[in-house]
Amino acid sequence: MESFTAEVLIIGINPYVGLPENVLNALFEQADKSKSPIPVRGTLNGKRFVQTLVKYQGAWRLYSNSKSETELWRLGSNFQTCFHEKE
């Protein structure tokens, strides 16, 4: 898993983070693609999540789309991520 610290930003009511270039490159390599969407699993401050990395308006963003995760995302900053191969 790739680790990074990021500020959680909000568009409307949707929290998201931008990923550092080295983390993006690792995810692209693990997924064997660099086109959106890319499923991602990871942890935020030790709590697990599964989300989708998407490219929106030219920037790669990892959004929280779950109501139960939204509050966690608003509080968090310490992420670990890796490609999530769907079954």
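Not measured: the values here are computed from a predicted model.

Cut-off values and rules
- Residues numbered from 1 in each chain as written.
- Predicted model: local features only at pLDDT ≥ 70, side-chain atom pairs only at ≥ 80, totals over all residues.
- Heavy atoms only, no water.
- Helix = DSSP H or I, 4+ residues; strand = E, 2+ residues; numbered from the N terminus.
- Buried < 20%, exposed > 50% of the residue type's maximum accessible area, 1.4 Å probe, protein only.
- Contact = heavy atoms within 4.5 Å.
- Areas by Shrake-Rupley, 256 points an atom, 1.4 Å probe, with all protein chains shown as cover.
- Pairing = 2+ DSSP bridges.

Caption draft 1: View of the overall build of the chain. When helices and strands are counted, the chain shows two helices and seven strands. Relative to its full complement of 87 residues, the chain shows a buried share of 40%. A separation threshold of at least 6 residues defines the contact pool for the chain, and within that pool the share at least 24 residues apart is 57%. Carbon and sulfur atoms form 46% of the exposed surface of the chain, whose accessible area is close to 5,400 Å².

Caption draft 2: Inspection of helix α1 (residues 21-31) at higher detail. Every buried residue belonging to α1 is among Val23, Leu24, Ala26, Leu27, Phe28 and Ala31, and all of these are buried. Following α1 by one or two positions, aspartate 32 adopts a phi angle in the positive range, close to 60 degrees.

Caption draft 3: Local environment of the pairing of strand β4 (residues 38-44). Across the seven residues of β4, six count as buried, placing the element largely inside the fold. In this sheet, strand β5 (residues 47-56) lies alongside β4 in antiparallel orientation, the contact comprising seven bridges. Each bridged residue has a counterpart across the sheet, and for threonine 43 the counterpart in β5 is arginine 48.

Caption draft 4: Representation of the environment of glutamate 21 in the model. Within the secondary structure, glutamate 21 sits in helix α1. Separated by 39 residues in sequence, glutamate 21 and tryptophan 60 place their C-alpha atoms 9.8 Å apart.

Caption draft 5: Main features of the pairing of β5. Hairpin connection, β4 to β5: the antiparallel pair is bridged by two residues, and asparagine 45 has positive phi, about 50 degrees. As judged from the four bridges shared by β5 and strand β6 (residues 59-63), these two strands associate in the antiparallel manner. Paired with tyrosine 56 across the two strands is alanine 59, which belongs to β6. Taking the residues that link successive antiparallel strands as the turn, the β5-β6 hairpin has two residues, and the phi of glutamine 57 there is positive, at about 50 degrees.

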